[in-house]
Amino acid sequence: MSRGFLGSIMAAALVVSCGEELTGPSAELCATQHGAQVCVDRAEYQRTEPVTITTRNVSSRPIFKDACSTKLVGVTSLSREFEEEYNPRLRCGRGATEADVRANMVRLESGASFEETLTLHSFAFQGYYRVNMWILDEQGERVAETPATSGIFRVFPSAAG
């Protein structure tokens, strides 16, 4: 009986001493910036799985989501910084113009939400990911130099990968 108790204490000490890299992702699937709350549906995914993203306007005025630049970004360690590059041609094509960005903006009234799905690529690496989403004004200009982001989630390779 004392052997089992001692083993439990040793296992707990090992988990505490290993640091957050081994304890799993944060339970925070949402983050809020620039009047938008961006959420993912799960804390862990495998490569090629769909990621459901919900964007909610938490401000008192309309906001505009740039549908052309929504992106899954990843890092191999939480000590690294996530990419924050704005690229409206990402989803609207190489020849996308400012008019294309404005035409594809999603207007969200106060309290409204928008759901979309992005799929992880088969070559997605194991690590930590989040969603970068740019918020625009009515003219299609960015409201901030940084994206609104989701909470952080993990990606693990699949058994078949």
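As a reminder, the structure under discussion sits directly above these lines.
Keep in mind it's a predicted model, so treat the numbers as computed, not measured.

Turning our eyes to something else, we now look at the pattern of salt bridges. Oppositely charged side chains may form a pair once their charged atoms are brought near each other. According to the stated counting rule, one finds six salt bridges in the structure shown. The residue Lys65 makes a salt bridge to Glu116 at a minimum N-O spacing of 3.1 Å. Residue Lys65 is found in strand E5 (residues 63-65), and its partner Glu116 is found in strand E8 (residues 113-119); the two are separated by 51 residues along the sequence. Both residues of the pair, Lys65 and Glu116, count as buried. When the shortest N-O distance is used, the salt bridge between Arg130 and Glu84 registers 3.2 Å. Pair noted here: Arg130 is in strand E9 (residues 127-133) and Glu84 is in the loop between strand E6 (71-75) and helix H2 (89-92), with a separation of 46 residues, a long-range link. Exposure remark for Arg130: the relative accessible area of 10% places this residue in the buried category.

On to the environment of His34, then. Inspection of the secondary structure puts His34 in the loop between strand E1 (30-33) and strand E2 (36-40). Under the relative-accessibility criterion, His34 is labelled partly exposed at 28%. The residues contacting His34, other than those within four sequence positions of it, are Ile63, Ile135, Val143, Ala144, Thr146, Pro147 and Ala148. Engagement of the side chain of His34 in a polar contact is seen with the backbone oxygen of Thr146, the distance being 3.0 Å.

With respect to the helices, strands and loops of the structure, Phe123 is situated in the loop between E8 and E9. For Phe123, a relative accessible area of 65% gives the class exposed. When the C-alpha positions of Phe123 and Arg47 are compared, they lie 7.2 Å apart, and in sequence the two are 76 residues distant.

Residues Val51, Ile53, Leu72, Leu120, Val131 and Phe153 are the most contacted members of the largest nonpolar core, which totals 20 residues. Breaking this core down by element, the ones donating at least two residues are E2, strand E4 (50-57), strand E7 (106-108), E9 and strand E12 (153-156). Other than its neighbours up to four places away in sequence, Leu120 contacts Tyr45, Gln46, Arg47, Thr48, Glu49, Val51, Leu72, Tyr129 and Val155. The next biggest cluster of nonpolar side chains, apart from the first, holds five residues, and it includes Phe64, Val101, Met105 and Leu136.

Bringing the sheet that holds strand E10 (residues 135-136) into the picture now. Here we have three strands laid out as an open sheet, ordered E7-E5-E10, and antiparallel in their pairing. The open sheet has two edge strands, E7 and E10, and neither has a second partner. The pairing of E5 with E7 spans three bridges and is classified as antiparallel. Each residue of the ladder has a partner; that of Lys65, found in E7, is Val106.

Right, let's talk about the sheet that holds E2 for a bit. Spatially, E1-E2-E4-E8 is the arrangement adopted by the four strands of the open sheet, whose pairing is antiparallel. Every other strand in the sheet has two partners, leaving E1 and E8 as the edge strands with one partner each. Between one strand axis and the next, the sheet turns by 20° as a mean value, whatever way the strands run. Pairing of E1 with E2 involves four bridges; the strand directions are antiparallel. Of the residues in E2, the one forming a bridge with Ala31 is Val38.

Thresholds applied
Residues numbered from 1 in each chain as written. Predicted model: local features only at pLDDT ≥ 70, side-chain atom pairs only at ≥ 80, totals over all residues. Heavy atoms only, no water. Salt bridge = Lys/Arg side-chain N within 4 Å of Asp/Glu carboxyl O. Helix = DSSP H or I, 4+ residues; strand = E, 2+ residues; numbered from the N terminus. Buried < 20%, exposed > 50% of the residue type's maximum accessible area, 1.4 Å probe, protein only. Contact = heavy atoms within 4.5 Å. Polar contact = N/O pair within 3.5 Å; in protein donor to acceptor, adjacent residues only side chain to side chain. Core = buried A, V, L, I, M, F, W, Y, C linked by side-chain atoms within 4.5 Å. Pairing = 2+ DSSP bridges. Axes fitted to C-alpha atoms, helices over the stretch in contact; angles between N-to-C directions.

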